[in-house]
Amino acid sequence: MSDPAAAPSADLVSAVREALSVEGPLAHADDGFMPREPQNRLAQAVAEAIEGREALVAEAGTGVGKTYAYLLPVLLSGRRTLVSTATKSLQDQLFFRDLPRLRDILKLPVTVALLKGRASYLCRHRLLLAREGATLPDRYAVRALSRIETWAQATSSGDIGELEGLDERSEVIPLVTSNRDNCLGSECGEYHACHVMKARREAMAADVVVVNHHLFFADLALRDSGVAELLPTVDIAVFDEAHQMVEAGVQFLGQTLGTGQVHDFAQDLLAAGQQQARGQAPWIDIAAACEQAAKALRLAVAGPHREPKGVLRLRWDEVAGGSRQAQLDSGLSGLAEALRVAAAALELVAASSPDFVRLQSRAQALQSQVARFGLETPPERVRWVDLTPHQARLIESPLDIRSMMGEQRAQGHRAWVFTSATLGDDEALSWFSEAAGLDDARKLRVGSPFAYAENARVYVPPRFPQPNEAAHPVMVGRASAHCAHALGGRTFVLTTTLRAMRTVAEALQKELESLGSSLEVLVQGSAAKRSLLQRFQEGRCVLVGSASFWEGIDVPGEALQCVVIDKLPFPPPNDPLVEARVRQLKSQGRDAFNDYFVAEAAIALKQGAGRLIRTETDRGLLVLCDVRLLQARYGGRLLSALPPMTMLSSGEQALSWLRELAAAHPAG
């Protein structure tokens, strides 16, 4: 693959078929390898898309082996490729494990590069600033900075992820990494040794480049991280975990004005002004005015919600229009004036340092965003405010990624492959294809090879309270306790809201105590996610979690044999983005409930249920505590979206199955 423009194999499909055969290189490299018809189908469809430079949307169930199914034709094709996946940890898995192993098996001279966002790389310039003048909050931060300084002397990549044990939420990380706002670019004294630029150079020279969805969309929107320059040079673009693409795209293709951004700007302005231009402007007063204006804007949009718990999402009509419009206008105009004064002061000293040039650009960019939110919302876009105890983020976003994907597909004749275990509940994979503008793409659904009917059971308790009744979460907790008690732990309880999670966990704990059980109840938020999962896998635990545990969790074997889901995961109807999508569907004469709410619930339900069976030998029980699955007209559609598990009709059958599983693998 040394020549990125090399033509693909004369018959790539045949080459892929041969590689996956009993006589192929994978079989020779692994004695346990066996050809799998679902994997062959997917790999051949990817090969055909590459040869025809077409778009393929492929849903592949758990256990198909979709990673190798798309990497194999990519590597055999000899084409330059961009692979995007959902998270940085999945990027690392592809880069450090899957790609090198397959490359070695196939004996191909392929160069591979890993490209992450700026905030993933050490910035030498900002490390120097942090060492000289950062105010660190506690001894843990001092210790973390010291570790980073030691590591900085030896690292080649500068990838912060190399530092094991460093909390990704550490306040030190933003001090030693750059972002689009504070990067000095070619004016930086460390530019030639910059880890970000090194990663970009390696990406531009590699045959296969691994990125993540957030980076992909953020870069297309801001042209900041190298993807915008990279994409035109590739022949194949592959998106794994594609079900997360739309939300990532909507997030990063939008426009944001955050009061936290203004605070960061004011702090950087004050530090640079005091260090490099003391006495040339009233830097303390200018920074204070910016911070005060940001606080005033937050109060203006918060209205009566001044101290929310967590993140509160407000519709735009709650903060603009009517009696609230004057407050919003005042908050925006006050911030605009504070930024204007800051930009003017920075212009006077811009010639003395690149830091001031960058700060002036930041002030002007913030002014532009302030002006934007003072205008009417453009058609086909939606606005809202995310309010936290410390800041407000004014957000304007597209409803989907159709337009962006259409533009990208029109710009170059390349193959596009989109794959995931959950892309829809119909043959057209409409849930994903419509939102991504891929109605014309080839669609493929490849089922899981796992024996679900034999190894898995699903139970819907028929005499449960309705999900909107106060007794419902308490009953979920009690039912979960009986399941976990019968099994000896090994149970996940997934809730649709944080409030329900807390109620369920309390009821679960009380019921376990009444049963005389010594099982430990782990609750999301009580410790880091990784720590909770590690403790869960040690045994005799029940884990209660909300959104972040519904997908991306892999606990194979008997460590997890029961998953309880409290209710159907419909989107919140009062969410501004949901409301806008519903209005759009209604304007098209469509049934918003069936086409949006049920379709979204089907995808989320499949993701949650997917935690149960992770390998061919896994066995388990899925409990769905929502009687609407049995009573509502859409219940059958949602049940049919699940893997083909055997349906149970009584609680005694469910407990008997769990006791059978417990007897097969007694708890330690």
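Residues numbered from 1 in each chain as written. Predicted model: local features only at pLDDT ≥ 70, side-chain atom pairs only at ≥ 80, totals over all residues. Heavy atoms only, no water.

Engineer: Help me understand the packing of aromatic side chains, please; the structure alone is not making it clear to me.
Structural biologist: A ring pair, where both rings are aromatic, is described by two values, the distance of the centres and the angle of the planes. Scanning all chains against the criterion turns up 17 aromatic pairs. Note on Phe95 and Phe96: the rings are 4.8 Å apart at their centroids and 85° apart in plane angle, and the pair reads as edge-to-face. In this structure Phe96 comes out as exposed when scored by relative accessible area, which is 57%. Seen from their ring centres, Phe239 and Trp416 are 6.2 Å apart, and the 5° between their planes marks the pair as stacked. One end of the pair, Phe239, is in strand 5 (residues 236–239); the other, Trp416, is in strand 10 (residues 415–420), with 177 residues separating them in the sequence. The two residues Phe239 and Trp416 agree in class, both being buried. Each member of the aromatic cluster is reached from another via a ring pair, and the members are Phe216, Phe217, Phe239, Trp416, Phe418 and Phe432. In this structure, Arg457 packs its charged tip against the face of Trp657, placed 4.0 Å from the ring centre. In this structure, Lys529 is placed above the aromatic ring of Phe549, and the distance from its NZ or CZ to the ring centre is 5.5 Å. (Phe/Tyr/Trp six-rings, centres within 6.5 Å; stacked < 30°, edge-to-face > 60°. Buried < 20%, exposed > 50% of the residue type's maximum accessible area, 1.4 Å probe, protein only. Helix = DSSP H or I, 4+ residues; strand = E, 2+ residues; numbered from the N terminus. Lys NZ or Arg CZ within 6 Å of the ring centre and 35° of its normal.)

Engineer: What am I meant to see in the confidence of the model for the protein chain here?
Structural biologist: Low-pLDDT stretches of the model should not have their predicted coordinates read in fine detail. Model confidence for the protein chain is summarised by a mean pLDDT of 91, while 97% of its residues fall at 70 or above. Contacts for the low-pLDDT stretch residues 2–9, under 50 throughout, to residues beyond four places or in other chains number 16 contacts. (pLDDT = per-residue confidence, 0-100. Contact = heavy atoms within 4.5 Å.)

Engineer: Could you clarify how one ought to interpret unusual backbone geometry in this entry?
Structural biologist: What you tend to see is this: most non-glycine residues have negative phi, and most peptide bonds are trans. Of note in the backbone geometry, Arg53 takes a positive phi value of approximately 50° without being a glycine. Within the secondary structure layout, Arg53 lies in the loop between helix 3 (37–52) and strand 1 (55–60). Overall, Arg53 belongs to the partly exposed group, its relative accessible area being 22%. Not every positive phi belongs to a glycine, and Arg490 is a case in point at roughly 55°. Within the element layout of this structure, Arg490 appears in the loop between helix 21 (472–487) and strand 13 (491–494). The exposure class assigned to Arg490 is buried, which follows from its relative accessible area of 8%.

Engineer: When you look at the environment of Gly424 in this model, what are you seeing that I'm missing?
Structural biologist: Mapping Gly424 onto the fold places it in the loop between strand 10 and helix 19 (430–435). With relative accessibility at 0%, the residue Gly424 sits in the buried group. For the pair formed by Gly424 and Ser587, sequence separation is 163 residues and the distance between their alpha carbons is 23 Å. What Gly424 contacts, discounting residues up to four positions off in sequence, is Glu59, Leu429, Trp431, Arg445, Ile603 and Lys606.

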